[in-house]
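Residue-level structure breakdown
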Amino acid sequence: MAGDDDEYVYDEVTGEWRPASELAAAAQAAVEVRDAAGNILNDGDSVTLIKDLKVKGANQTLKQGTVIRSIRLTDNPEEIDCRHDTIKGLVLRTEFVRKR
């Protein structure tokens, strides 16, 4: 349980004051981002596209097999933030990528 010197944070979901360490551990465990094959993704991983994707607003298609390096996880477990050589601010759905 929590020690006497823990910082407490108000949890709006439960309406209670809870130890910050407890909330951080729960948040880390709750967000599990998985690729199309079910592998867990982490910040900095490299992924490969599993199908051709038309990029809205860029008039470009990313081909199947394209490698995307250094992904960043978002608040949404179904989306990842990434960069490609020609496209800045690219957001991909996890259902279209596979971990390398």
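Here is a short report on the structure shown in this document. Only a predicted model underlies this, so the values are computations on that prediction, with no experimental measurement involved.

**Quick look at the sheet that holds strand β8 (residues 79–82)**
The antiparallel open sheet is built from three strands, whose spatial order is β7-β8-β9. Of all the strands in the sheet, just β7 (72–73) and β9 (90–93) have a single pairing partner and so form its edges. In terms of strand pairing, β8 meets β9 through four bridges, oriented antiparallel. Across the sheet, residue I80 finds its bridge partner in β9, namely L92.

**Considerations on the sheet that holds strand β3 (residues 47–49)**
Here three strands make up an open sheet; going across it, the order is β6-β3-β10 and the pairing antiparallel. Two strands lie at the open edges of the sheet, namely β6 (67–68) and β10 (97–99), each paired on one side alone. In this sheet, β6 lies alongside β3 in antiparallel orientation, the contact comprising two bridges. Pairing of T48 across the sheet is with V67, part of β6.

**Some thoughts on the side chain of T48**
Along the chain, T48 falls in strand β3. Those residues in contact with T48 that lie beyond four places of it in its chain are G65, T66, V67, F96, V97, R98 and R100.

About the cut-offs
Residues numbered from 1 in each chain as written. Predicted model: local features only at pLDDT ≥ 70, side-chain atom pairs only at ≥ 80, totals over all residues. Heavy atoms only, no water. Pairing = 2+ DSSP bridges. Helix = DSSP H or I, 4+ residues; strand = E, 2+ residues; numbered from the N terminus. Contact = heavy atoms within 4.5 Å.

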